[in-house]
Amino acid sequence: MAYCFGEFTLDPRTGTLIGSDGVVPLRRQAFQLCEVLLKNAPELMTRDQLMDQVWGRTVVSPNVLAQTISELRQALGDDPQAPRYIETKHRRGYRMVCEVSQVETPNREIAAPEPNSPERSAHTPQQEPSSNLLQRYGLGALAVAIVITLLWAGLRSDEQDILYRETLPDIRSALDSDVFDAWSKTRQALAQHVGDPSLNQMMLDLTVPVSLDSQPSGATLMVGPYDAQESDWVEMGKTPLEGIRLPLTKLRFHIHKPGYVDLDVAPSVLPFPETFQLHTESATPAGMVFVPRGPVSYMGKTHELPGFWIQRNEVSNREYHEFVEAGGYERREYWQHPMEIDGRELTPEAMLSTFVDSTGLPGPSTWSLGTFPTDKGDHPVEGISWFEAAAYARFRGLELPSAFHWWRASGRGGNQYLNFADIITASNYQSAGTWPVGNGGLGPYGTRDMAGNVGEWCMNPGGTGRHFLGGSWIDSSYAYMDWYAQPGMNRGAGFGVRLIKADTAIAAELQAALEYVAPAPITPVSDTTFAIFARQFDYDPSPLNTQIEKVDSSQRAWRRERISFDAPYDDERITLQLFIPTASKPPYQVVVHFPGGDAVLLDDSEQASLLSVEPFLRTGRAVAYPVYKGTFERKVRQQRGPMAVRKEIIEQTQDLRRTLDYLATRDDMAQDKIAFHGLSYGGIRAPIILAVESRFATAMILSAGLPPYPLPPEITLQHYLPRVTMPTLFIGGRDDFNQNYETAQVPFFELLGAPDNQKKHVTFEGGHLPTGYSGLKKEVIAWLDETLGKP
């Protein structure tokens, strides 16, 4: 029995794989793997099943399966991102996705005839001209051709039906739990349904375009979900990679180039990713990863840091024991910092009597008999003071990180948007004790456990103590986001260390004391002053000069109208995308959308994600999506200062008000049922828009909060929030690194002027873009049903 699939035939009897160009050479294991997949097609085969059936009980590395799958795909000319033959099912296994048929094999070999032999000419009618075929077979051939064409059309119709009945719902279902899986499924579906409008839009909804490079270039780059396993990796190609579309979720990258140490990192890549820095093994300090040069802001101070090395893992008990065994506590050259208690400097003898374990021997407070518990050698050392951490650093010839170095290595305080908080859920907080080092969340440069497990001492003084960052297994996860200092003599559980290696001396300003100064509270201005603020958003009435530029009806659930009209400034035109649902009848409720940061990154509004507005369309509401000044095709290059921000906000608010002017000309839009929806970038603009514009019946604000930086009074949100009086839904992430729950989200919500029974604060697990698509969708739809009524 042989297997026919695509352009190939696999014959187990002869052990051959035959393609259109002849026999395809395969190793025995690759051949057997192909046979098992074909025999069970289209069933999914788990990794364990394949290992058992191909390799039996032989002891081999699990990597052999992935390597053999790769070898087989190469032989078949298959693309793992758009498979025609072998599909990878996320974390589950592999299966054949092509049609497979079984045919009987002959009992003897049949030699292929020579090209010019009589036998070949007698048995190869495909060589005959088409006119001879028509003469020989006449109208019968035409009838057969028509039947084949009709069958093919029916097959395509069935495929389209499966796409909309099964594939797209499956992708939408995956959105809730695994955006990476939804992206993978969309890529595979696009390979089978090239150019399908719904799949194209789904890809736009799930992804952002990113350009990635390495130094040196020419490295193979693979991407996977944050918790990537062996079968999850998707190879994207060799660097540099321009404009590849990656899913908008927390990702892990693996970068490989022969002769260099592999990178396994989880950076944020928006808005402009840093270049991946590769180093040879000889240039890489043992156990360390490289943090490239770049900016960092901490406690309101910004510095440009040179590149530096930081330990991948927290210092372990076993590593710290080497310091104790070497007499580190008795050797004064390691103890360079005077130690005081209640203003009294300790003598060396007093120091030794203070830094002891539970049995009175030198060592961390959590040890006994001068050593660590026998089962905790690979756990982080804990129970050490700042002075012990500093002495250990000198013993190793390394340094404590400044708070700026630590903050940059964690991925915060730089140019990247931290949209996701997966490192929190992957790390050790509020547990029964430490984990072995290297098992917590992965950082942007390859560090582990910077969140939780043990907190880590930094060199900077702060108040009466030293800065101590990351939080420990004892703390709640919010400790990861806190500026935190502790008395330097604290030696409790959870107090640990991680060291850095700087190629140049650390500047004095990076080591200086850092004191937190709470910002002065801002009292909202009087109504008289606010009326002056509000007038800056007004404009003189003028004709719209509306033009409908394009109508797109390719989507099943809505129609897209592209409309333009005059802006009230600078002789510009405003572009509006108006989406009309097919599930309801006019007059339509309207949701006016103000998008997030992707609007600043993308160049074309027709490439924008519609994921956040799709729930409105599918429940029968229209969506008005203006192209605001400074976004999409209306981006401008300008100086980023307070006055430039003010000008941009004024023009964007006028764009939105002008959009409402246009909607008022449409009798198919319900003028008394218009809602505002602002996400992140748009959510920060919301208080100003909603305070000066009275035509909204309700509002939804997502992923916003009070900004940590000062703005001119005339655009300071605290003056506008109390004037937002319509019913308002406010949604945020509990672990939002950009909009801190306690200091940004809660005061934002409390300042809203809507009555308490007409405003609602919903908090989801996760970061700046909360996880749980269906939960988010239910909240916004329920809010509109309550405040506007069902369409």
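Rules and cut-offs
Residues numbered from 1 in each chain as written. Predicted model: local features only at pLDDT ≥ 70, side-chain atom pairs only at ≥ 80, totals over all residues. Heavy atoms only, no water. Helix = DSSP H or I, 4+ residues; strand = E, 2+ residues; numbered from the N terminus. Buried < 20%, exposed > 50% of the residue type's maximum accessible area, 1.4 Å probe, protein only. Contact = heavy atoms within 4.5 Å. Arc of directions from axis to C-beta. Phe/Tyr/Trp six-rings, centres within 6.5 Å; stacked < 30°, edge-to-face > 60°. Lys NZ or Arg CZ within 6 Å of the ring centre and 35° of its normal. Salt bridge = Lys/Arg side-chain N within 4 Å of Asp/Glu carboxyl O. pLDDT = per-residue confidence, 0-100. Core = buried A, V, L, I, M, F, W, Y, C linked by side-chain atoms within 4.5 Å. Axes fitted to C-alpha atoms, helices over the stretch in contact; angles between N-to-C directions. Parallel < 35°, antiparallel > 145°, perpendicular 65-115°, else oblique. Nonpolar A, V, L, I, M, F, W, Y, C, P; charged D, E, K, R; others polar.

A few words on the overall build of the protein chain. From N to C terminus, the protein chain includes 22 helices and 36 strands. On the principal axes, the C-alpha backbone points of the protein chain span a range of 110 × 75 × 40 Å. Among the 791 residues that make up the protein chain, the fraction classed as buried is 51%. Sequence-distant contacts in the protein chain: of pairs separated by 6 or more residues, those separated by 24 or more amount to 67%.

Here we come to helix H9 (residues 317-325). Buried within H9 are the following residues: Asn-317, Tyr-320, His-321, Phe-323 and Val-324. In a view along the axis of H9, the buried residues occupy a sector of 155°, so they form one face of it. After H9 finishes, the residue Gly-327 shows a positive phi value of roughly 75°.

Within the structure shown, the criterion is met by 38 aromatic pairs. For the pair Tyr-329 and Trp-335, a centre-to-centre distance of 5.5 Å together with 45° between the ring planes defines the contact as tilted. For the pair formed by Tyr-329 and Trp-335, the shared burial category is buried. Aromatic rings pair up to connect Tyr-320, Phe-323, Tyr-329, Tyr-334, Trp-335, Phe-355, Trp-367, Phe-372, Tyr-392 and Phe-395 into one cluster. Lying over the aromatic face of Tyr-480, Arg-412 brings its terminal NZ or CZ to 4.0 Å of the ring centre. Over the aromatic face of Trp-386 sits the side chain of Arg-466, whose NZ or CZ is 3.7 Å from the ring centroid.

Oppositely charged side chains are able to pair whenever their charged atoms sit close together. Applying the stated rule across the entire model yields 40 salt bridges. Arg-573 is paired through a salt bridge with Asp-566; the nearest N and O atoms lie 2.7 Å apart. Salt-bridge contacts for Glu-714 lead to Arg-646; the nearest nitrogen and oxygen are separated by 2.4 Å. Within this pair, whereas Glu-714 is found in the loop between strand E34 (698-702) and helix H20 (717-720), its partner Arg-646 is found in helix H18 (residues 642-663), the two being separated by 68 residues in sequence. For Glu-714, a relative accessible area of 15% corresponds to the buried category.

For the protein chain, the average pLDDT comes to 89, and 92% of its residues sit at 70 or higher. Per-residue pLDDT stays below 50 along residues 106-139; that stretch engages in ten contacts with residues further than four places along the chain or on separate chains. Overall, residues 144-153 carries pLDDT values under 50, and its contacts beyond four positions in sequence, including any with other chains, amount to zero contacts.

Next up on the list: the nonpolar core. Considering soluble globular proteins, one finds that nonpolar side chains tend to be buried as a cluster. Membership of the largest hydrophobic core comes to 66 residues, with the highest contact counts inside it found for Tyr-320 and Trp-335. Discounting residues that sit within four places of it in the chain, Tyr-320 has contacts with Val-315, Tyr-329, Pro-364, Trp-367, Val-381, Ile-384, Glu-388 and Tyr-392. If you look at the next biggest cluster of nonpolar residues, it comprises 54 residues, including Ile-574, Ile-580, Phe-594 and Phe-676.

Take the packing of H9 against helix H11 (residues 386-396) next. Geometry of a packed helix pair, given as the angle between the helix axes and the separation of the axes. Two numbers describe how H9 lies on H11: the axes approach to 11 Å, and their chain directions differ by 80°. Judged on the interaxial angle alone, H11 and H9 are roughly perpendicular. Within the contact between the two elements, H9 uses Glu-319, Tyr-320, Glu-322 and Phe-323 and H11 uses Glu-388, Ala-391, Tyr-392, Phe-395 and Arg-396. Among the residues forming the contact of H9 with H11, the class breakdown is five nonpolar, no polar and four charged.

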